[in-house]
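Spelled out from the first residue to the last, the chains are:
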Amino acid sequence: MSRFATGVTVVTFDGYDGPRGATMNSFTSVSAEPPLVLISVARRAHCHEHLLDRPFCVNILGAEQEPLARLFAGAPATVVPYWTPHARVPRLANPLAWIECEPWGSYDGGDHTLVLGRVTDLDHREGDALTYAWSRFGAATEATEGIEHLF
Ligand SMILES: Cc1cc2nc3c(=O)[nH]c(=O)nc-3n(C[C@H](O)[C@H](O)[C@H](O)COP(=O)(O)O)c2cc1C
């Protein structure tokens, strides 16, 4: 699986005592109508109980936000203040993109739970993406040309 390169997200939500988040790369889009996305949450993670029944936000990290990925994976990291004030659902400050979701369904995934969220709001900015492959963080440069010409 470490040969499968992914982006990196921090999934944020309201915890018992304020905003909380967890680094996740098991994120994928699922459906356009209705708009659904998927995350896979370890049953043993503290965030597991919270993510079954409440809104959450998938924050897609920019290349310079590796310290946030480490912080929300439980590793010590020095970071500047990182929450967006007054957000309806807690979200990070200035992610590359954010996708706000309400709970849609959750499904048995062995020692993980597959959580589907229905997209309620989203936005993005310009910039390079943080990546994860070979168990290492890296960066993907913002593309100047896509594959639009193929369609
Ligand atoms: C790059 C990366 C990707 C991760 N992806 C996931 C994931 O998709 N699902 C998950 O449950 N944990 C994932 N983790 C582990 C969680 O971030 C980690 O267990 C975190 O400490 C959970 O926090 P909590 O137990 O406080 O909720 C990932 C960690 C890293 C570094």
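Look above for the structure.
(A) Expanded view of the site of the ligand. Neighbouring the ligand are 15 residues; M24, S26, A42, C47 and G74 lie closest to it. Elements with a minimum of two residues in the shell around the ligand: β3 (18–24) and β5 (36–42).

(B) Layout of the sheet that holds β3. Spatial ordering of the open sheet is given by β3-β2-β6-β7-β8-β5-β4, a layout of seven strands whose pairing is antiparallel. The open sheet terminates on both sides in strands that have one partner only, identified here as β3 and β4 (28–31). Direction aside, the axes of adjacent strands within the sheet are offset by 40 degrees on average. As paired strands, strand β2 (residues 9–15) and strand β6 (residues 56–60) are joined by four bridges and run antiparallel to one another. Paired with T9 across the two strands is I60, which belongs to β6.

(C) Structural context of the nonpolar core. If you look at the biggest cluster of nonpolar residues, it comprises 27 residues, and the most contacted ones within it are V10, V11, V58, L61, L68 and A69. Counting residues per element, the ones that place at least two in this core are β2, β3, β5, β6, α1 (66–71), β7 (97–109) and β9 (129–133). Sort the elements by how many residues they give to this core and β6 lands first, with four residues. Setting aside residues up to four positions removed in sequence, L61 forms contacts with V8, T9, V10, L68, A69, P95, L96 and L130.

(D) Quick peek at the sheet that holds strand β10 (residues 136–140). The strand order across the open sheet built from three strands is β1-β9-β10, with neighbouring strands paired in antiparallel fashion. Two strands in the sheet have a free side with no partner beyond their single neighbour: β1 (6–7) and β10. The pairing of β1 with β9 spans two bridges and is classified as antiparallel. Across the sheet, the residue bridging to T6 is Y132, located in β9.

(E) Quick peek at the pairing of β4. Of the pairings in the sheet, the one linking β4 to β5 comprises three bridges and is antiparallel in character. Considered in β5, the bridge of T28 is made with L38. As consecutive antiparallel partners, β4 and β5 are separated by four residues.

(F) Quick look at the environment of G146. Looking at where G146 falls in the secondary structure, it is placed in the segment after β10. Considered as a pair, G146 and P95 are 51 residues apart in the sequence and their alpha carbons are 21 Å apart.

(G) Structural detail: unusual backbone geometry. Residue E33 is joined to P34 through a cis peptide bond whose omega torsion reads 0 degrees. Here the phi dihedral of S135 falls at roughly 60 degrees; this positive angle occurs in a residue that is not glycine. Considering the arrangement of structural elements, one finds S135 in the loop between β9 and β10. Residue classification places S135 among the exposed positions, given that 7 C-beta atoms sit within 10 Å.

Rules used in this analysis
- Residues numbered from 1 in each chain as written.
- Predicted model: local features only at pLDDT ≥ 70, side-chain atom pairs only at ≥ 80, totals over all residues.
- Near = placed C-beta within 6 Å.
- Helix = DSSP H or I, 4+ residues; strand = E, 2+ residues; numbered from the N terminus.
- Pairing = 2+ DSSP bridges.
- Axes fitted to C-alpha atoms, helices over the stretch in contact; angles between N-to-C directions.
- Core = buried A, V, L, I, M, F, W, Y, C linked by C-beta atoms within 7 Å.
- Buried ≥ 20, exposed ≤ 12 C-beta atoms within 10 Å, placed from the backbone.
- Contact = placed C-beta atoms within 7 Å.

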